[in-house]
Amino acid sequence: MSHNPMSMAVPSREDARADPTPPFPPSASSSQATAMHQGLRPVDEVVLALLGTHEVLTSGQLVRLTGLPERTVQHHLGLLYRAGLINRVRPPREVGTSPYHCWLTAFGAAAIGDEKPGARSDDLAGVQASAALSELWLAVRDRGKGVGLELRGWRRLPSGPPYQDPHTGTIRELPAEAEMIVIPGPPGGREMRLLVVARTERVPAARLAAVLARFACFLAASSDPSDPVLTVLARMSRVAERVLTTADTLGEAPAARRLEEGVIATARHRVAVGVVEPHPVGLATEPVWATPADRRPRRLIDILAECARSAK
């Protein structure tokens, strides 16, 4: 299992979506980016490497990962943005001001020898979803032990885990975006595998139903009754409610129609939906989670402990 390396927001208008400072010209050559890389300070290289690993990070997450003061991180982010090595945006927020959400540009990726990243500027929901993945990992890493949740592994998934359709034999993928390994309860207990989905906002109900149905098929194809838990991140409570409501009709989704009722019931107990805002750091410690089978707000550790007991 691979492990990833290691705020106050700058005031702006609530509806400001991007830094007004002109970025590095799109026509700039790669040699210019290389020249900029040669003048990078060590902290700049650390920030670029972290963005290369995690794809999207907020300014607050970068403060926690680097251990540097907020003012220092903001200063270097500004330098990297004006040099054209990163892009950044401040998504609108219903209450308060969002932190900058940052990611590598093609020049920034080239400066650290990384692959050219995909375009993100027109996918604001995707940017926020990617940052939410990092928030879950950081919350469990930094705060999980305080409630008995030990982090053992974390990685982004370049593609979803494959499984064989139990009816057709076709190899399919469960569209999970990350994988987390944790131990809920006393140290030395059994590891649990969490497959994380964060792209839930602005996703049609039919697509959400298909993801949940594929998870049920994934469980039906698995030989391990405790593997895994589908952990769904929803930015707002209304999005979480939509996911939970969609799960109520899981058995009607085309991919799940031929599954046994017991498999569908197990899947509904092994889906955990967590609300990211307004307090992302509470993902590991606060009752912001629910399952389709029990919508009471609970902590993640409580839901996982229940899943572990039911698998025995």
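Residues numbered from 1 in each chain as written. Predicted model: local features only at pLDDT ≥ 70, side-chain atom pairs only at ≥ 80, totals over all residues. Heavy atoms only, no water.

> Run through the side chain of arginine 270, naming residues and quoting values.
Tracing the sequence through the fold places arginine 270 in the loop between α9 (261-269) and β10 (271-275). A distance of 3.5 Å separates the side chain of arginine 270 from the backbone oxygen of cysteine 307, its partner in a polar contact. (Helix = DSSP H or I, 4+ residues; strand = E, 2+ residues; numbered from the N terminus. Polar contact = N/O pair within 3.5 Å; in protein donor to acceptor, adjacent residues only side chain to side chain.)

> Quick one: what's the story with helix α4 (residues 70-82), residue by residue and with numbers?
Between the first and last C-alpha of α4 there are 18 Å, a value that for 13 residues agrees with the 18 Å anticipated at 1.5 Å per step. Looking at α4, one finds that the buried residues are Val73, Gln74, His76, Leu77, Gly78, Leu80 and Tyr81. Here the buried face of α4 lies against α2 (42-54), α3 (59-66), β2 (86-89) and β3 (101-104). Where α4 terminates, the next one or two residues include glycine 84, which has phi positive at roughly 80 degrees. (Expected span 1.5 Å × (residues − 1). Buried < 20%, exposed > 50% of the residue type's maximum accessible area, 1.4 Å probe, protein only. Contact = heavy atoms within 4.5 Å.)

> Can you tell me about the packing of α3 against α4, naming the residues and giving the values?
One can describe the packing of α3 onto α4 by two numbers: an axis separation of 9 Å at closest approach and a directional angle of 115 degrees. The crossing of α3 and α4 is right-handed. Touching Ser59, Leu62, Val63 and Thr66 of α3 are Glu70, Val73, Gln74 and Leu77, all from α4. Here the residues of the contact of α3 with α4 are counted per class, giving 4 nonpolar, 3 polar and 1 charged. (Axes fitted to C-alpha atoms, helices over the stretch in contact; angles between N-to-C directions. Left-handed = near helix turned anticlockwise from the far one by under 90°. Nonpolar A, V, L, I, M, F, W, Y, C, P; charged D, E, K, R; others polar.)

> Account for the sheet that holds β10, with residues named and values stated.
Spatially, 7 strands are ordered β4-β7-β8-β9-β10-β11-β12 in an open sheet, and the strand pairing comes out mixed. Since the sheet does not close on itself, it has two edges, and those belong to β4 (149-156) and β12 (294-298), each with one partner. With strand direction ignored, the average angle separating the axes of adjacent strands in the sheet is 25 degrees. In the packing of helix α6 (residues 124-143) onto the sheet, contacts are made with β4, β7 (178-184), β8 (192-197), β9 (229-234) and β11 (289-291), and the angle to β4 comes to roughly 150 degrees. (Pairing = 2+ DSSP bridges.)

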